[in-house]
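# Notes for the structure review
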Amino acid sequence: MASKYVNVREYTVRAHKRLIRTRVFNFVCKQCNQSTKRETYGPRPLYCERCRPPQASRKSIMRSQKAKPRAMVYNSEIDFN
Ligand SMILES: [Zn+2]
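I will try to describe carefully the structure that is included in this document.

About the thresholds
- Residues numbered from 1 in each chain as written.
- Predicted model: local features only at pLDDT ≥ 70, side-chain atom pairs only at ≥ 80, totals over all residues.
- Heavy atoms only, no water.
- Helix = DSSP H or I, 4+ residues; strand = E, 2+ residues; numbered from the N terminus.
- Polar contact = N/O pair within 3.5 Å; in protein donor to acceptor, adjacent residues only side chain to side chain.
- Contact = heavy atoms within 4.5 Å.
- Donors = N, O, S within 2.8 Å, 3.2 Å for Na, K, Ca; no water.
- Buried < 20%, exposed > 50% of the residue type's maximum accessible area, 1.4 Å probe, protein only.

## Some words on the side chain of T40
Within the secondary structure layout, T40 lies in strand β2 (residues 35–40). In this structure the side chain of T40 is engaged in a polar contact, spanning 2.8 Å, whose partner is the backbone nitrogen of G42. Each residue touching T40, except ones within four places of it in the same chain, is listed here: R21, T22, R23, F25 and P45.

The following block contains the structure:
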């Protein structure tokens with residue numbers, strides 16, 4: 001196939017909805033080295049569904065987003081009157 005380099009200008013994309021579809025990838029799992037296939041929206045997965053269950057990974061992402069620093073209440077002996 002022919003290929004060439006083209007210049008891509010910088011541009012911003014407005015918020016919009018886009019319909020994306022899943023693709024089924026056939027690949028070898030990096031953890032158990034079993035050839036498997038997996039349906040994903042994103043790029044080629046690295047691990048099979050047994051090693052990386054989809055729900056568990058989603059939960060871990062949610063947890064990391066929630067782990068924000070919180071304002072602490074410090075108890076002090078000093079009274080501000
Ligand atoms: Zn695996």
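The discussion continues.
## A short note on the coordination of the zinc ion
The protein atoms that coordinate the zinc ion are C29 (SG), C32 (SG), C48 (SG) and C51 (SG), at distances of 2.3 Å. Linear spacing of the donor residues for the zinc ion on their chain is C-x2-C-x15-C-x2-C. Look at C29 and you get buried, because its relative accessible area is 0%. Taking relative accessible area as the criterion, C32 reaches 30% and is therefore assigned partly exposed.

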